[in-house]
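# Survey of secondary and tertiary structure
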Amino acid sequence: GFKTCVLTNNWVDDSGGRLFTATLMNLLRRHFDLVIESCRLGARKPDPEIYTYALDALQAKPQEV
């Protein structure tokens, strides 16, 4: 089978709408094998580090994704 991943450039939401953001992220996690949030990793697209992290987490090679 296939593994699926969401790779986001996002930020920690401390606004009044943070409940909506948290709910959305929880819904995404139910439908994907992995959700990588730049704000939690400390790297963001297009930094190669975030892609390396995603490949390692998925145990995949670049040519496989």
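First things first, this report covers the structure right here in the doc. What you are looking at is a predicted structure, and each value in this text was computed from that prediction instead of being measured. (Residues numbered from 1 in each chain as written. Predicted model: local features only at pLDDT ≥ 70, side-chain atom pairs only at ≥ 80, totals over all residues. Heavy atoms only, no water.)

Turning our attention to the pairing of strand S2 (residues 34–37). Consecutive side chains of a regular strand alternate in pointing toward one face of the sheet and then the other. Pairing geometry for strand S1 (residues 5–8) and S2, over four bridges, is parallel. Residue pairing across strands places Thr 8 opposite Glu 37, the latter belonging to S2. Read from S1 through helix H1 (residues 18–31) to S2, the crossover connection turns out right-handed. (Pairing = 2+ DSSP bridges. Helix = DSSP H or I, 4+ residues; strand = E, 2+ residues; numbered from the N terminus. Right-handed = clockwise from strand over helix to strand, strands pointing away.)

It is worth spelling out the state of the cysteines at this point. Scanning the model with the defined rule gives zero disulfides in all. Of all cysteine sulfurs in the structure, the one in Cys 39 sits closest to Cys 5, which takes part in no disulfide; the separation is 14 Å. Judged by relative accessible area, Cys 5 falls into the partly exposed class, the value being 27%. For Cys 39, a relative accessible area of 26% corresponds to the partly exposed category. (Disulfide = S-S within 2.5 Å. Buried < 20%, exposed > 50% of the residue type's maximum accessible area, 1.4 Å probe, protein only.)

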